[in-house]
Structures are given as structure tokens and as C-alpha cells.
Amino acid sequence: MHSPQSLSSLDVLNQVFGYHSFRGEQEAIINQVISGQDALVLMPTGGGKSLCYQIPSIVRAGTGIVVSPLIALMQDQVSALKLQGVAVAFLNSSLSFQEVQEVEGQLIRGELDLLYVAPERLCQERTLNLLHQIDVALFAIDEAHCVSQWGHDFRPEYIQLSILHEQFPSIPRIALTATADESTRNEIASRLDLVNAQLFISSFDRPNIRYRVRQKNNARAQLLQFISTEHPQDAGIVYCLSRKKVDETARWLQDQGVKALPYHAGLSAETRQQHQEIFLREEEVVIVATVAFGMGIDKPDVRYVAHLDLPKSIESYYQETGRAGRDGLPADAWMVYGLQDVIMLRQMLSNSEAIEQIKRLEQRKLEAMLGFCEITSCRRVSLLGYFGEQQQDTCGNCDNCLEPVESWDGTTEARKALSCVFRTGQRFGVSYLIDVLRGKTTARIEQFRHDQVSTFGIGKELSEVQWRSVFRQLIARGFIEVDIDGYGSLKLTEQSRPVLRGEESLFFRKDVTKTKTKKTARRNKSGRVAGEFSQHSEEKIIWEALRVKRNELAQEQGVPAYIIFHDATLMEMVEYHPTTVHELSQINGVGATKLEKYGDEFLCVLNQYE
Ligand code: ADP
Ligand code: ZN
């Protein structure tokens, strides 16, 4: 790249990136920055943030400086851009002194469109001096929420980035994040001195992600069934709360023949690096991980994110599930959740040593998360509503829309459950209470003489599973609280009084435990399904042949397959079957450099099936 003649942003989009048109607010954002103004961009994961600073860096004179917190991510982005013919380099601690000097030389000579730097490197005297000697096209601050001290990704180095404004007041700055909430946004604006920047907030909807929450009965078996029926050949992420559970689940999946790898902060840096690398480079790999895994995972073809434990907030849930389907093809957010999760999280919160104010905040976030699990209406409407986006219509792509939930009048049952908690002295856990309700005479029940209380045996009409569902919903909805004694004793809350007095009726959701094995189709825009052609059809054969070619090239060059071409691009090749260079150049995702580099090889494959 780095051609002296001026290209318009649309030219760059077409020729360099091979895309036909801008998405959403990309064009407005790009124009804002090209005109020299600041911008603060809130866009969901997969929304297309990178182009918002890459294109202005190419179009404006000088080098665009991109601050990015993650070295691994930086390297991937840089290799992808190089394949697209962009003059780009990075500066971080992984480089040798000689390599650093080389990059600095390119920078001084004005050869670079873009330079990626780690924040601590940027703030060094040496780097700042260097930047004062060159033309800077813009500063892009990626993952800008890292400046927020309250957030989970806080990076102290980000605080120092205010010096950019002080030292380079005339250079446009663009800060980008996928974190939507207002307090984080305000913190970014004030800490980075972007109060006067134009704010661009995109819709946070990810229409290609299908949200599903199942009742947990045997989580592993449910997970295996989900993977084997819906995603046998796909890459996915499975989140668990604890390291131990991560290890166990990964091992178990391996025993079942699934290519699963663990990832958590207890593994050595080397192992983590290795597992992440395999996940990025190979297909069909499942990463089982704690929340330590994810930020900056740029893999576009993750087809599902599964949660075996409940995340602590909707923000975390949304961020984690957002790692699925960045390529825009259909993907699944799948979660199993049950009574035990509710009890455990409630306990963790009551035991938390955080100051009262933070505890209340955590409490509210958990409330919202539980509400989301129990909701009977459209999950997407609820999620977006949480982020302040009002939606008129239900989505048709979540479990509640696809299989409407039945509810039942559980007023009587709720009263029975609540009075059983009361009659037994608010000192017992769920299993014990259910035994009392169902009239079971265990040694413990006899010991406490609870076979004598008025609620003994009054709940025989429901099974144990049904009672667990009632208790779960009562706890989730705040009628019962879990004691901090560590034994899971249940206590009544103020809110339960009107129900006990018969002044309030309660409706419960009827739980579904079975996963319907409707496959999530990997449809592209014209309704075709990626890779899902009928066996032995010519399309299937071409698809496989294109994939083989892609893998071959990826291996040769030591990059992940998607960096060569995305699935969506291969799908279009199958569909439109281009046979000339010109036709191939019309396919979305085929830019000039890739056309030159790989065009012949892919045409050669395509032309075998004319
Ligand atoms: P984000 O950083 O917001 O998570 P990316 O910048 O990684 O998202 O973009 C997500 C995906 O969408 C990438 O694969 C990118 O190539 C693709 N993409 C971005 N903009 C466009 C566009 N205008 N047309 C087609 N694909 C696009
Ligand atoms: Zn819906």
C-alpha cells in the first residue's frame, strides 16, 4: 500500500479489504476521523471496529498509531493486514532489539500505514520522541474500556494515555470498545480527554447469535449432546467458573472423542499460549476455559459459546457469548443453569468481602442475570433492554421465541414451599425441605421431628425435580434468600409475606430440560448453509476442495486458515462459482492483494469443477 495518490475510503474498502459496502456506522466514523476529529466508538464484538481506524490510517497522510493491549492479538492483526497488502508493523516486548530498530527505521522513513504498539511501549520516552519526528495520521485506542478502574480488564498503563492529547493536540484520536454501559463510557471519555469527541453508539444486537438457556440436569451429558448433534465439526468455547471444573470437563470431553483443550490462569503461560494457538489455527477445537480466556480472541468462526456455570453479570455473559459468530454466520450462545448455580452465586455474594457499595452493585448485577435466565419472553429484547436499547419486536432467534415457554399458576405450591421453610425454622437446605414436603421419613427428619410439622407431606403432587424448579424460581425472584452459613440454609425475605398471606399469585415457568436437536444453520445471506451441502453433491465437493486449498496455504504460511479467507468468502465462491480473475475479485472478502496472491490457486480449484 502506501501509495502517494489519494484513495477514497470506499476505494480502500473495495480494493484493500475486498468488501462491497460499509456496515452500520463505519462510514460516518471513518469520515469523522479522516476529517481530523475525535471519535468514541461503542460497537459490539464482531461489529467491524478495526476498519474504523485502519481505513483512516491508510487514507490520511502519515502513520496511524494503534494502541492495543494484547500482544497475541496484535501479531494476528498485523499478519492479516500484511496479507492484504497494508504496510504495517508492531512494537512490543516480543521483538528483539534489532527488530525494534528495523521498525523504527520504517517509521522514520514514513513507510508505514499503521503501527500497533503496546500501551506501556507507547508511553516510553523513546517512543514518544520518535512519534514527534514523524507524521502521525491518528491515534486509535483499542479496547478503550481497559482505562476503567471498575471494569474487569483494567490496565494501569491505559491511564497514562491522556498524554497523547497533551503532547499531540492536533492529531485525531479514536477510542473503541465493545463495553456498552454508560458509566464505563463516561470514564473513558473523561480519562482519555474525549469529552468533546463525537460519540458513535451502534446497536449492540448480534442477530446471528441464537440465545438458549436450558435447565441443568446432567450438564456434561447435555453439553456433549449439544456439541455432537449441533456442532460436531466446529470450533467452540465452553466456559466454567473454576479451574478444577475446566480441567475435569476438558478431560471428560477428550475421553468422549472431542478435541478439547483447557485454558485457565493456573496453567503455565507456555501451555496457555500453546492451547490458544491450536484453537486459532486448527479447526474443530473446543476450548474449555475460565473467564481468563477471551479478551482479544479474534477468531471469526467460533460457532458456539457454551456456559456450564452462570456468569456473574449480563455484561460478562454478553461479552463472552459475543465471541461466537464474529463472521456474521449463525452461531449459538448456549447455557445450562440450575438451582445449584443460584445457591452458589448467592452465597458467594453474601461472603464477598467487598465494601458495601460494591456488594450492592454485584447483587444488582446478579439479580439481572437471574432474571434473564428465568424470563419467559424474548431473550434478545431483554438483553438489549439491559443495555438501554428498546426493541419493538421479538427476535425469532432465541429459545423463548422458538419454543414459547409455558407457565403455570404456582400460587399454592409457592405458599407450601415458603411455609415449609418457615415451619422448619429457616435452617435447612433445599433437599431437606423437599423431603419434608414430599413426606419422606429420613433419620434427620425424625431427629428434628419435622414429620410432625404441618407442612410434612403436603407436597406429594409434585416430583422432586418439580419442587427444585419451584425453589429455584423462588430464590431467583427474591422470595427466599440463601444464608451465609455455607450450608445453603434458606430463609424467607420480606417479599414472601404477601404470598404467604395469600395476597399475591405467582406464575412459574415450566422447565424444558431436553435439548431439541434443531441444528443451527450456518446460513449466509442468501440462505445457504456453510459447508452443509448434501453429501456427494458437487457443491459439497467444491467446498471441501476449497477448504483443503485454504488449509494448505495456511500451513505453508503459518497463519490461521481464516486469515487466508473466511468461511463466508469460501461460501460465496461455491455459490457464484467465479471462473475468471475479474469474477473472483467480485467476491466479498477478496481484496486486490489476496487476489494477486491466492487468486490463481483458488481459480484453479474452481475451474476443475466447471
Ligand atoms: P470488532 O473488532 O468490532 O470485533 P472486527 O473489526 O474484527 O470486529 O470485524 C469483524 C468481522 O467483520 C471481520 O471479519 C471483518 O473482516 C468483517 N467486516 C468488517 N467490516 C465489514 C464490511 N464493511 N463488510 C464485510 N465484512 C466486514
Ligand atoms: Zn427472541
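Rules behind the numbers
- Residues numbered from 1 in each chain as written.
- Chains lettered and ligands numbered in written order.
- Predicted model: local features only at pLDDT ≥ 70, side-chain atom pairs only at ≥ 80, totals over all residues.
- Heavy atoms only, no water.
- Pairing = 2+ DSSP bridges.
- Helix = DSSP H or I, 4+ residues; strand = E, 2+ residues; numbered from the N terminus.
- Axes fitted to C-alpha atoms, helices over the stretch in contact; angles between N-to-C directions.
- Contact = heavy atoms within 4.5 Å.
- Salt bridge = Lys/Arg side-chain N within 4 Å of Asp/Glu carboxyl O.
- Buried < 20%, exposed > 50% of the residue type's maximum accessible area, 1.4 Å probe, protein only.
- Expected span 1.5 Å × (residues − 1).
- Parallel < 35°, antiparallel > 145°, perpendicular 65-115°, else oblique.
- Nonpolar A, V, L, I, M, F, W, Y, C, P; charged D, E, K, R; others polar.
- Near = heavy atom within 4 Å.
- Polar contact = N/O pair within 3.5 Å; in protein donor to acceptor, adjacent residues only side chain to side chain.
- Areas by Shrake-Rupley, 256 points an atom, 1.4 Å probe, with all protein chains shown as cover.
- Core = buried A, V, L, I, M, F, W, Y, C linked by side-chain atoms within 4.5 Å.
- Donors = N, O, S within 2.8 Å, 3.2 Å for Na, K, Ca; no water.
- Tetrahedral: all angles 85-135°; square planar, octahedral: opposite > 155°, others 65-115°.
- Phe/Tyr/Trp six-rings, centres within 6.5 Å; stacked < 30°, edge-to-face > 60°.
- Lys NZ or Arg CZ within 6 Å of the ring centre and 35° of its normal.

**A short note on the sheet that holds strand β13 (residues 331-337)**
Spatial ordering of the open sheet is given by β8-β13-β12-β9-β11-β10, a layout of six strands whose pairing is parallel. Of all the strands in the sheet, the pair left with one neighbour each is β8 (209-215) and β10 (260-263). Neighbour-to-neighbour, the strand axes of this sheet turn through a mean angle of 15°, independent of strand direction. Sheet topology note: the β8/β13 ladder contains seven bridges and is parallel. Opposite isoleucine 209, over in β13, you have alanine 331 as the bridge partner. Where helix α14 (residues 314-321) meets the sheet, it contacts β8, β9 (235-239), β12 (302-307) and β13, and its direction lies at approximately 150° from that of β12.

**Considerations on the pattern of salt bridges**
Evaluation of the coordinates by the stated rule reveals 33 salt bridges. The closest approach of N and O atoms between arginine 191 and glutamate 187, which form a salt bridge, is 3.3 Å. Of this pair, arginine 191 and glutamate 187 both sit in helix α10 (residues 182-191), four residues apart, which is roughly one turn of that helix. Residue glutamate 282 is joined to lysine 259 by a salt bridge in which the shortest nitrogen-to-oxygen separation is 3.8 Å. Separated by 23 residues along the polypeptide, glutamate 282 in the loop between α13 (269-281) and β11 (286-289) and lysine 259 in the loop between α12 (243-255) and β10 bring together distant segments of the chain. A relative accessible area of 38% means that glutamate 282 is categorised as partly exposed. Residue lysine 259 is classed as partly exposed on the basis of its relative accessible area, which comes to 45%.

**As for helix α19 (residues 411-423)**
Its 13 residues place the ends of α19 18 Å apart at the C-alpha level, agreeing with the 18 Å of an ideal helix rising 1.5 Å per residue. Every buried residue of α19 is listed here: Thr411, Glu413, Ala414, Lys416, Ala417, Leu418, Ser419, Cys420 and Val421. A positive backbone phi angle near 90° is found at glycine 425, which sits one or two residues after α19.

**What about the packing of α14 against helix α16 (residues 356-374)?**
Packing of α14 against α16 brings their axes to within 8 Å, and their N-to-C directions diverge by 60°. Considering their axes alone, α14 and α16 lie oblique with respect to each other. Contacts from Ile314, Glu315 and Tyr317 of α14 reach α16 at Lys365, Ala368, Met369 and Phe372. Here the residues of the contact of α14 with α16 sort into five nonpolar, no polar and two charged.

**As for the packing of helix α15 (residues 339-351) against α16**
Orientation of α15 relative to α16, taken along the N-to-C sense of each, is 170°, at an axis distance of 10 Å. It follows that α15 is roughly antiparallel to α16 by the angle criterion. Residues Val342, Leu345, Arg346, Leu349 and Ser350 of α15 form the contact with α16, whose participating residues are Lys359, Glu362, Gln363, Leu366, Glu367 and Leu370.

**Topic: the site of ligand 1**
Near ligand 1, the surroundings consist of 16 residues, among which Tyr19, Gly46, Ser50, Arg326 and His566 are the closest. One nitrogen or oxygen atom from the main chain of glycine 47 is found 3.4 Å from an oxygen atom belonging to ligand 1. Here serine 50 contributes a side-chain N or O atom positioned 2.6 Å from an oxygen atom of ligand 1. Compared with its free state, where it exposes 560 Å², ligand 1 has 84% of that area covered by protein.

**What about the nonpolar core?**
Inside soluble globular proteins, nonpolar side chains tend to come together where they are buried. Formed by 123 residues in total, the largest nonpolar core has its most connected members in Ile174, Phe471 and Leu474. Apart from the residues lying within four places of it in its own chain, the contact partners of leucine 474 are Ala414, Ala417, Leu418, Phe479, Ile480, Leu506 and Phe508. Judged by nonpolar contacts, the second largest core, of 43 residues, contains Val302, Val305, Leu584 and Tyr598.

**Observations concerning the coordination of the zinc ion (ligand 2)**
Only Cys378 (SG), Cys395 (SG), Cys398 (SG) and Cys401 (SG) from the protein coordinate the zinc ion (ligand 2), and they sit 2.4 Å from it. One way to put it: the four donor atoms around the zinc ion (ligand 2) meet at angles of 100 to 119°, and that makes the site tetrahedral.

**Re the packing of aromatic side chains**
Considering all chains together, one arrives at 18 aromatic pairs under this definition. Linked through ring pairs, Phe204, Tyr211, Tyr317, Tyr318, Phe372, Tyr386 and Phe387 together constitute an aromatic cluster. Stacked on the ring of phenylalanine 279, the Lys or Arg lysine 299 has its end atom at 5.5 Å from the ring centre. Sitting above the plane of the phenylalanine 372 ring, arginine 379 keeps its charged end 5.4 Å from the centroid.

Any functional reading would require information beyond the geometric quantities listed.
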